[in-house]
Amino acid sequence: MEAEEAQRAAELRKKRTFKKFTFRGIELDKLLDLNHEEFAKLIHSRARRRIYRGLKAKPKRFIARLRKAKKACGPLDKPEPVKTHLRNMLIMPEMIGSIVGVYNGQLFNGIEIKPEMVGHYLGEFSCTYKPVRHGRPGIGSTNSSRFIPLK
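Residues numbered from 1 in each chain as written. Predicted model: local features only at pLDDT ≥ 70, side-chain atom pairs only at ≥ 80, totals over all residues. Heavy atoms only, no water.

The topology assignment puts asparagine 104 in the loop between strand S4 (99–103) and strand S5 (108–112). Within polar-contact distance, the side chain of asparagine 104 engages the backbone nitrogen of glutamine 106 at 3.0 Å. Here leucine 107 takes part through its backbone nitrogen, which lies 3.0 Å from a polar atom of the side chain of asparagine 104. Discounting residues that sit within four places of it in the chain, asparagine 104 has contacts with Arg87, Asn109, Ser126, Cys127 and Thr128. (Helix = DSSP H or I, 4+ residues; strand = E, 2+ residues; numbered from the N terminus. Polar contact = N/O pair within 3.5 Å; in protein donor to acceptor, adjacent residues only side chain to side chain. Contact = heavy atoms within 4.5 Å.)

Right, dumping it as structure tokens:
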């Protein structure tokens, strides 16, 4: 009886296995161990060029603040959000799990960085405009609307 239950539990665990995340064929734990130059070989040419030319002071300071926020929180807690205007900052593997407030010109959008975001820019996840909602046309939009009485 107990053996059957253990076997059933093992089958359920097998069914619930999740697909492991890979970035260009490299698993997440190995991706976290890469340094900037090794990671640069995996991303597109514009981002690679930027990394090869060296990160400037502001991106370095931003990464240092992310590390500090991660270190300050507990192992299962979410780190404090770090606000930034650096929309052109590349998302590096070491940023995974951090929370970043990306400025969109009006406010800071809170973004939790997930493994799928690696290699993209922060600005891609913080829209700078409000998408147009096409409703009914307003007054003055057409010539015929000139004759609508304004009650």
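Counted by the stated rule, this structure contains 2 aromatic pairs. A centroid spacing of 4.8 Å and a plane angle of 50 degrees characterise the contact between tyrosine 103 and phenylalanine 108, whose relative ring orientation is tilted. (Phe/Tyr/Trp six-rings, centres within 6.5 Å; stacked < 30°, edge-to-face > 60°.)

Our next topic: the pattern of salt bridges. Considering all chains together, one arrives at 3 salt bridges under this definition. With a shortest N-O distance of 2.8 Å, glutamate 94 and arginine 67 are connected by a salt bridge. Separated by 27 residues along the polypeptide, glutamate 94 in the loop between strand S3 (82–84) and S4 and arginine 67 in helix H5 (residues 57–72) bring together distant segments of the chain. Residue glutamate 94 is classed as partly exposed on the basis of its relative accessible area of 28%. Between lysine 78 and glutamate 112 there is a salt bridge, with the nearest N and O atoms lying 3.3 Å from each other. (Salt bridge = Lys/Arg side-chain N within 4 Å of Asp/Glu carboxyl O. Buried < 20%, exposed > 50% of the residue type's maximum accessible area, 1.4 Å probe, protein only.)

Moving on, we come to unusual backbone geometry. The backbone of arginine 24 shows a phi angle near 55 degrees, a positive value even though the residue is not glycine. Structurally, arginine 24 is set in the loop between strand S1 (22–23) and strand S2 (26–27).

Take the environment of arginine 50 next. Assignment of secondary structure puts arginine 50 in helix H4 (residues 45–52). Here the alpha-carbon distance between arginine 50 and alanine 40, two residues 10 residues apart in the chain, equals 8.9 Å. In this structure arginine 50 touches Pro59, Asn88, Met89, Leu90 and Tyr121, once residues within four positions along its chain are discounted.

It is worth spelling out a positive patch on the surface at this point. Residues Arg46, Arg49, Arg53, Lys56 and Lys60 make up a contiguous surface patch of positive charge. Its location among the elements puts arginine 49 in helix H4. (Patch = residues over 30% accessible without salt bridge, like charges linked within 9 Å, V, L, I, M, F, W, Y side chains within 5 Å. Areas by Shrake-Rupley, 256 points an atom, 1.4 Å probe, with all protein chains shown as cover. Lys, Arg positive; Asp, Glu negative; His and termini not counted. Charge placed at Lys NZ, Arg CZ, Asp CG, Glu CD.)

Taking strand neighbours across the sheet as the criterion, the 3 strands line up as S3-S4-S5 in an open arrangement whose pairing is mixed. Edge positions in the sheet fall to S3 and S5, since each of these pairs with one other strand and no more. Averaged over all pairs of adjacent strands, the angle between their axes in this sheet comes to 25 degrees, without regard to strand direction. Looking at chain direction, S4 and S5 are connected through 5 bridges and run antiparallel. Residue valine 100 lies in a different strand from S5, and its bridge partner there is isoleucine 111. (Pairing = 2+ DSSP bridges. Axes fitted to C-alpha atoms, helices over the stretch in contact; angles between N-to-C directions.)

Quick look at the side chain of threonine 84 now. By the element assignment, threonine 84 lies in strand S3. For threonine 84, a relative accessible area of 6% puts it in the buried group. Within the structure, the side chain of threonine 84 is placed 2.9 Å from the backbone nitrogen of leucine 86, a separation counted as a polar contact. Among residues more than four places away in sequence, those in contact with threonine 84 are Phe62, Val100, Gly101, Val102, Tyr103, Phe108 and Leu122.

Scope: geometric values only; no functional claims are made or implied.
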